[in-house]
Amino acid sequence: MTDLVTPLGDDVLSLRAGDPVTLSGRVYTARDEAHLRMQEEGIPFDPEGAAVYHCGPIVRDGRIIAAGPTTSARMNTLTEFLLDSGVRALIGKGGMDETVRRALAGRGVYLAFTGGCAALAASRMTLAGVWFEDLGMAEAVWAIDLDRLPLVVGMDAHGGDLFDDVKLQAHRRFETLCREHGW
Amino acid sequence: MSHPEQTPLYSAIAEATQSALRKAEIELPRDIMRRLAHAARTETNPTARAELENILANISEAAARNVPICQDTGVPVIYLTLPEGMAYTSHMGDAVAEGVRAATAAIPLRPNVVDPLSRANTGNNCGRGMPAIHVRHGDACDVTVLPKGAGSENVSRIGMLLPSEKDAIGRFVAETMLRAGGKPCPPVVLGVGIGSTFDGAAALAKEALLQPVDEMTDYEQELCDAINSLGIGPMGLGGDTTALAVKVRRGDCHTASLPVAVNVQCWACRRATEKVIVP
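The structure reproduced in this document is the subject of the present report. (Residues numbered from 1 in each chain as written. Chains lettered and ligands numbered in written order. Predicted model: local features only at pLDDT ≥ 70, side-chain atom pairs only at ≥ 80, totals over all residues. Heavy atoms only, no water.)

Comments concerning the overall build of chain A
- Looking only at helices and strands, one finds five helices and nine strands in chain A.
- Taking 16 Å as the expected radius of gyration for a compact globule of 183 residues, we find that chain A reaches 17 Å, a close match to that expectation.
- Seen through its principal axes, chain A has C-alpha atoms that stretch 55 × 35 × 30 Å.
- Every one of the 183 residues in chain A was classed for burial, and the buried ones make up 58%.
- Taking all contacts inside chain A whose residues are at least 6 apart in sequence as the whole, residues at least 24 apart take part in 64%.
- Counting every atom, chain A has about 7100 Å² of accessible surface; 46% of that belongs to carbon and sulfur.
- Here chain A contributes 18 positively and 26 negatively charged side chains, and the mean placements of these two sets differ by 6 Å. (Helix = DSSP H or I, 4+ residues; strand = E, 2+ residues; numbered from the N terminus. Rg over C-alpha atoms; globule rule 2.2 N^0.38 Å. Buried < 20%, exposed > 50% of the residue type's maximum accessible area, 1.4 Å probe, protein only. Contact = heavy atoms within 4.5 Å. Areas by Shrake-Rupley, 256 points an atom, 1.4 Å probe, with all protein chains shown as cover. Lys, Arg positive; Asp, Glu negative; His and termini not counted. Charge placed at Lys NZ, Arg CZ, Asp CG, Glu CD.)

In structure tokens:
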């Protein structure tokens, strides 16, 4: 188990898809609207070595109530500028596409967090700040301090992609299934 | 004459709706818990086992902190059961909506309901056609809630198959999961509606999700085994556990038709029922 702390350095480059890790330190939430706003107006936090969490949390009275990951694939076409500016980790669920995999090569990783585990995540989080609050609770950029959030490397800096490997295998098994059942 | 909002029935329905939503959002039903615990015990893939352990830890945290299991608290789908002699009125619908508004503020729930085109958020999980209320006959007046998240709803599928394709329903169901991959937060429960009409099949698929998951017919088990053999695993990271259960509901249909709907449900198969007790 590798324990990562933000800001992330070159240590993320040695990780391989499938490795279990924990992540501590500051991360920033961003969903579709925040990505669009950041492309237009710039990134409000220091992107160097940063981790961006695809998440629309429930926040109340300065506390994170629930903060599970959202589907990362929605941000496939909105991500490269973050990596260009120094972001080293994306956190979310479901994986991302080939363009992101290529963009990660040599500079960052995609970390998968278990979908729906909003209370577990919240139990490891402290709220540290917010930008773009006018976008609404789910779409704002929240600064969050993490304490050892358990994650798995979904895509590594060497082109490794666990989601894609599983998908390929599932397609092969589907063909077998159809043959066996006469579907 | 009192305002309709003040009738004992209105208050009782609103309270039952709010209470059922609180229960559903914070605590998973026992049958789902049993299936998840079983999966965590039997899973052979280490990554999948870690995912299932996260899920179980999350459920404990949600209970301990008295917060929703998932930040996507879904859109409210409501099944209102009325006994013989009790007629459905718009007043009851208003009461259900009142319960949803109250639950949204109190639990709190994420306000997820928006205008489909302007995407403007209504702020209270109510709106045109929301909450979706399905009225059914039953022995007593009760409210069942099924908060439905978008990740799994979005990969649900309906197909108008040919009657000659009845032996290939399994292909359609498995293909739905193949296309969905990790997106719907597996391990999933699949609600399958077979027959009825275009809209009826979808309603059957959703109602299938209300049935207990720790019992399956041979047909359901066969579909479940087929899904699990794909190896998609929890969150699409690989493993033995892709589906916790497949539940099927059938309706008769036109002789020229074979509608099949698959309503995909994430592992957080949230549902709860409260009796409506009018003092």
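Some points on the nonpolar core
- By size, the foremost hydrophobic cluster in this structure holds 89 residues, and its most contacted members are Leu-23, Ile-91, Leu-111 and Phe-113 of chain A together with Leu-36 and Trp-267 of chain B.
- If one sorts the elements of this core by residue count, strand E9 (residues 141-155) of chain A sits on top with 10 residues. (Core = buried A, V, L, I, M, F, W, Y, C linked by side-chain atoms within 4.5 Å.)

Topic: the packing of aromatic side chains
Residue and element names in this part refer to chain A.
- Under the counting rule described, the total for this entry stands at four aromatic pairs over all chains.
- With centroids separated by 6.0 Å and ring planes inclined at 50°, the aromatic side chains of Tyr-28 and Trp-131 adopt a geometry described as tilted. Highlighted residues: Tyr-28 in strand E2 (residues 20-29) and Trp-131 in strand E8 (residues 125-131), separated in sequence by 103 residues.
- What makes Tyr-28 buried here is its relative accessible area of 10%.
- Assessed through its relative accessible area of 30%, Trp-131 is described here as partly exposed.
- Ring plane angle 50° and centroid distance 6.3 Å describe the contact between Phe-45 and Trp-131, whose orientation is recorded as tilted. Here Phe-45 is found in the loop between helix H1 (32-41) and strand E3 (51-53), whereas its partner Trp-131 is found in strand E8, with 86 residues between them in sequence. (Phe/Tyr/Trp six-rings, centres within 6.5 Å; stacked < 30°, edge-to-face > 60°.)

Some points on the interface of chain A and chain B
- Taken together, the contact between chain A and chain B spans 40 residues of the former and 39 residues of the latter.
- Area buried by chain A at its contact with chain B is led by Ile-58, Phe-174 and Trp-183 of chain A, which between them contribute 19% of it.
- Along the contact surface separating chain A from chain B lie zero salt bridges.
- Linking chain A with chain B are 14 residue pairs in polar contact (both at pLDDT 80 or more).
- Looking at the side of chain A that touches chain B, the elements with two or more residues in it are strand E4 (58-60), strand E5 (63-66), helix H4 (118-122), E9 and helix H5 (162-181) of chain A.
- A per-element tally of the side of chain A that touches chain B places H5 of chain A first, with 11 residues. (Buried area = accessible area lost by both parts, 1.4 Å probe. Salt bridge = Lys/Arg side-chain N within 4 Å of Asp/Glu carboxyl O. Polar contact = N/O pair within 3.5 Å; in protein donor to acceptor, adjacent residues only side chain to side chain.)

Notes on helix H2 (residues 30-42) of chain B
Residues and elements named next belong to chain B.
- Under the 1.5 Å per step criterion, the end-to-end length of H2 is 18 Å for 13 residues, consistent within 8% with the ideal 18 Å.
- For H2, the complete set of buried residues consists of Asp-31, Ile-32, Leu-36, Ala-39 and Ala-40.
- Summarising the contacts, the buried residues of H2 are in contact with helix H3 (46-65), strand E5 (188-195) and strand E6 (243-251). (Expected span 1.5 Å × (residues − 1).)

Notes on the side chain of Thr-6 of chain A
Residue and element names in this part refer to chain A.
- Position of Thr-6 relative to the elements: it lies in the loop between strand E1 (2-5) and E2.
- Overall, the relative accessible area of 13% leaves Thr-6 in the buried class.
- At 2.8 Å, the side chain of Thr-6 and the backbone nitrogen of Arg-26 are in polar contact.
- Look past the residues within four positions of Thr-6 in its chain and what remains in contact with it is Leu-23, Ser-24, Gly-25, Arg-26, Val-27, Gly-49 and Ala-51.

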